[in-house]
Amino acid sequence: MALTSFIFDFGNVICSFDPALIVARTQQYSALPADELLAALKGAHGIMRDYETGLLTSDEFFARMCSACKLSVPKKEFIAAYTQIFKPIESTYTLIRELKPHYKLALLSNTNEWHFEYGIKPVEVFPLFDTVTLSYEVKAMKPARAIYDDALRKLGVPPSECVYIDDLEENVLAAQALGMQGFLFRSGDALRESLEQLGVRLA
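None of the values given here were measured: they were computed from a predicted structure. (Residues numbered from 1 in each chain as written. Predicted model: local features only at pLDDT ≥ 70, side-chain atom pairs only at ≥ 80, totals over all residues. Heavy atoms only, no water.)

Here's the deal with the pairing of strand β5 (residues 131-134)
Examined bridge by bridge, strand β4 (residues 104-109) and β5 share four bridges and lie parallel to one another. Of the residues in β5, the one forming a bridge with Leu108 is Thr133. The parallel pair β4 and β5 is bridged by helix α7 (residues 113-120), and the resulting crossover is right-handed. (Pairing = 2+ DSSP bridges. Helix = DSSP H or I, 4+ residues; strand = E, 2+ residues; numbered from the N terminus. Right-handed = clockwise from strand over helix to strand, strands pointing away.)

Focus: the sheet that holds β5
Overall, parallel pairing links the five strands, which are arranged β5-β4-β1-β6-β7 in an open sheet. Both outer strands of the open sheet, β5 and β7 (181-184), are each paired with one neighbouring strand and no more. When strand polarity is set aside, the average angle formed by the axes of neighbouring strands in this sheet is 20°. Here strand β1 (residues 5-8) runs beside β4; their pairing, made up of four bridges, is parallel. Bridged to Phe6 within β4 is Leu105. (Axes fitted to C-alpha atoms, helices over the stretch in contact; angles between N-to-C directions.)

Focus on the pairing of strand β6 (residues 162-166)
Along any regular strand the residues' side chains alternate between the sheet's two faces. Along β6, five of the five residues are buried, which leaves the element largely enclosed by surrounding structure. Burial along β6 is two-sided: Cys162, Tyr164 and Asp166 facing one way and Val163 and Ile165 facing the other are all buried. For β1 and β6, the ladder comprises four bridges, and the chain directions are parallel. Residue Phe6 lies in a different strand from β6, and its bridge partner there is Val163. Note that β6 and β7 share four bridges and pair parallel. Residue pairing across strands places Asp166 opposite Leu184, the latter belonging to β7. (Buried < 20%, exposed > 50% of the residue type's maximum accessible area, 1.4 Å probe, protein only.)

Focus: the packing of aromatic side chains
For the structure shown, the criterion picks out 15 aromatic pairs. Ring geometry for Tyr51 versus Trp114: centroids 6.1 Å apart, planes at 80°, classification edge-to-face. Residue Tyr51 is found in helix α3 (residues 45-52), and its partner Trp114 is found in helix α7; the two are separated by 63 residues along the sequence. With relative accessibility at 5%, the residue Trp114 sits in the buried group. Measuring from centroid to centroid gives 5.4 Å for Phe62 and Phe78, while their planes differ by 55°, and the two rings are tilted. Residue Phe62 is found in helix α4 (residues 58-68), and its partner Phe78 is found in helix α5 (residues 75-83); the two are separated by 16 residues along the sequence. For Phe62, a relative accessible area of 14% gives the class buried. Clustering of aromatic rings is evident, with ring pairs tying together Tyr51, Phe61, Phe62, Phe78, Tyr82 and Trp114. (Phe/Tyr/Trp six-rings, centres within 6.5 Å; stacked < 30°, edge-to-face > 60°.)

Side note on α3
Restricting attention to buried positions, one finds in α3 the residues Ile47, Met48, Tyr51 and Glu52. Here the buried residues of α3 occupy an arc of 135° about the axis, which is enough to place them on one side. Next to the buried residues of α3 lie α2 (34-43), α4, α5, α7 and α8 (135-138). Phi for Gly54, located one or two positions after α3, is positive at around 80°. (Arc of directions from axis to C-beta. Contact = heavy atoms within 4.5 Å.)

Some words on the packing of α3 against α4
Orientation of α3 relative to α4, taken along the N-to-C sense of each, is 175°, at an axis distance of 10 Å. With respect to each other, α3 and α4 are oriented roughly antiparallel. In this structure, α3 uses Ile47, Met48 and Tyr51 to contact α4, whose residues at the interface are Ser58, Phe61, Arg64, Met65 and Ala68. The residue makeup of the contact of α3 with α4, split by class, is six nonpolar, one polar and one charged. (Parallel < 35°, antiparallel > 145°, perpendicular 65-115°, else oblique. Nonpolar A, V, L, I, M, F, W, Y, C, P; charged D, E, K, R; others polar.)

Structural data, given as structure tokens:
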């Protein structure tokens, strides 16, 4: 069956991200020294996961993070610090632009409301996606089947017509188990080479 659709992960595929920037931008608001603040952020993984799974509202997430990291910070400042951590992977941007005239494009991301609104939606290539599937809306995170099913339903195509791209092997394997072509992202150039070998139309 011919390929009709591409499903992209966001983090470390479309944009890289640096969580250390959160520490740099919130340090002045915390009672903790930088190393302890970083440890507290890492220790708050469960809070972040609950937020990405839609189990916490943004206000609940903000309150819990302030408590866990001993922060006394205006919400507006926290949102900026928490979301302005993404940097474009230009080679992927180019691929997305080249694929757009020929294929349906979908975004599938384990993410939360603030990262989506302030970090993902503003990127240049976001308007090129035909559909968007977000873990906090679906209330399921990759590699759970439900989030892939949501993306396929929105695209309206069978798995065999899809290419899935992610930087985490477990997520690629889950897509392949459903019948998609799956590629583990290492770089835009390596992905381009793989797609060309597959006979994908580019440019």
